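Structural features, examined
Chain by chain, the residues run as shown.
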Amino acid sequence: MAVKIKLKRLGKIRSPHYRIVVADSRTRRDGRAIEEIGLYHPVQNPSRIEVNSERAQYWLSVGAQPTEPVLAILKLTGDWQAHKGLPAPAPLLQPEPKADKRALFEALAKDTGEESKGEAITQKAKKADKKADEAADAAAPAESTEA
């Protein structure tokens, strides 16, 4: 049985996501796979590429043939060079970590001068305080009439 390492397409129209799979060469593109060994999301910037190197090395060592797109991905991750005994490529670009929204909000609140008890007051906290005051005011007259 001839085994290939190929891409299995997922996702919507114009929003492709791929899984890197090991499958029999006779199966169709999105058909049954023997094993999933990675992910490829080309739409993200930079592209998201995750490959289980241990499993990729195993399948390459037992004779699985990568398709052209998968060969390019394996060259980017360095798995192909490790299999062939060549020097490793430069590391992949990683996306910048997203900024913490709460920290940004608190920094902006400090710049405008709104602080209470060491933290910035949010709109939800203001509404909750107002509702608590109204509830206390409504309960206070009822207690005074009972006494």
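Cut-offs used in this document
Sequence order as written defines the numbering, with residues in each chain counted from 1. Reporting in this predicted model follows two pLDDT cut-offs: at least 70 for local features of residues, and 80 or more for side-chain atom pairs to be given and counted; totals over whole chains, interfaces and linings ignore these cut-offs and use all residues. Calculated side-chain values reflect all of the structure's heavy atoms, with hydrogen atoms and water omitted. Buried Ala, Val, Leu, Ile, Met, Phe, Trp, Tyr and Cys residues form a nonpolar core when they are joined through side-chain atoms within 4.5 Å. The classification of residues rests on relative accessible area computed with a 1.4 Å probe and restricted to protein chains. Under 20% of the type maximum is buried, over 50% is exposed, and intermediate values are partly exposed. Going along the chain from the N terminus, every DSSP run of H or I of four or more residues is numbered as a helix, and every run of E of two or more is numbered as a strand. Whether two residues are in contact is decided by their heavy atoms: any pair within 4.5 Å suffices. To obtain the arc, one takes the directions from the helix axis to the C-beta atoms. Only centres within 6.5 Å qualify two rings of Phe, Tyr or Trp (six-membered ring in Trp) as a pair; their planes then separate them into stacked at under 30 degrees, edge-to-face at over 60, and tilted for everything else. The quantity called pLDDT is the predictor's confidence in a given residue, expressed from 0 to 100. Strand pairing is assigned whenever DSSP identifies at least 2 bridges connecting the two strands. Side-chain atoms alone can form a polar contact between residues adjacent in sequence; in general such a contact is a pair of N or O atoms within 3.5 Å, and within protein one must be able to donate a hydrogen while the other accepts it. For this document, the term salt bridge refers to a Lys or Arg side-chain nitrogen within 4 Å of an Asp or Glu carboxyl oxygen.

By size, the foremost hydrophobic cluster in this structure holds 18 residues, and its most contacted members are Ile5 and Ile20. For this core, the elements supplying multiple residues, two or more each, are β1 (3-12), β2 (15-24), β3 (35-41), β4 (48-51), α1 (53-61) and α2 (68-77). Those residues in contact with Ile20 that lie beyond four places of it in its chain are Ile5, Lys6, Leu7, Glu35, Glu36, Ile37, Gly38, Leu39, Glu50, Val51, Val70 and Ile73.

Among the residues of α1, Ala56, Trp59 and Leu60 are the ones counted as buried. Within α1, the buried residues cover an arc of 100 degrees as seen down the axis, which keeps them to one side. More than 90 degrees from the buried face of α1, the exposed residues found are Glu54 and Ser61. Positive phi shows up at Gly63, right after α1, with a value of about 105 degrees.

Applying the stated criterion across every chain, the model contains 2 aromatic pairs. Residues Tyr18 and Tyr40 carry aromatic rings whose centres are separated by 6.0 Å and whose planes lie at 25 degrees to one another, so their mutual orientation is stacked. With Tyr18 in strand β2 and Tyr40 in strand β3, this residue pair connects regions lying 22 residues apart in the sequence. Just as Tyr18 is buried, Tyr40 falls in that class too. Ring geometry for Tyr58 and Trp59: centres 5.3 Å apart, planes at 75 degrees, overall edge-to-face.

We now examine the confidence of the model for the protein. Here the protein shows a mean pLDDT of 82. Residues at 70 or above account for 87%. Averaged pLDDT values over the elements of the protein bottom out at 70 in helix α5 (residues 123-146) and peak at 93 in β2.

With that settled, the discussion passes to the pairing of β2. For β2, the buried fraction is high: 7 of the 10 residues fall into the buried class. Bridging between β1 and β2 involves 10 bridges; their strand directions are antiparallel. When the bridges of β2 are listed, Val3 appears paired with Asp24. Counted between consecutive antiparallel strands, the loop separating β1 from β2 contains 2 residues, among which Arg14 sits at a positive phi close to 60 degrees. Pairing geometry for β2 and β3, over 5 bridges, is antiparallel. Residue pairing in the sheet places Arg19 in a bridge with Leu39 of β3.

Here the focus is the side chain of Asp24. Mapped onto the elements, Asp24 comes out in strand β2. A polar atom in the side chain of Asp24 sits 3.0 Å from the side chain of Arg26. Residues in contact with Asp24, not counting those within four places in the same chain, are Met1, Ala2, Lys6 and Ile34.

Right, let's talk about the pattern of salt bridges for a bit. For the structure on display, the rule yields 6 salt bridges. Among the salt bridges present, the one from Arg55 reaches Glu35, with a minimum N-O distance of 2.8 Å. Taken together, the positions of Arg55 in helix α1 and Glu35 in strand β3 put the pair 20 residues apart, joining distant regions of the chain. Overall, Arg55 belongs to the partly exposed group, its relative accessible area being 26%.

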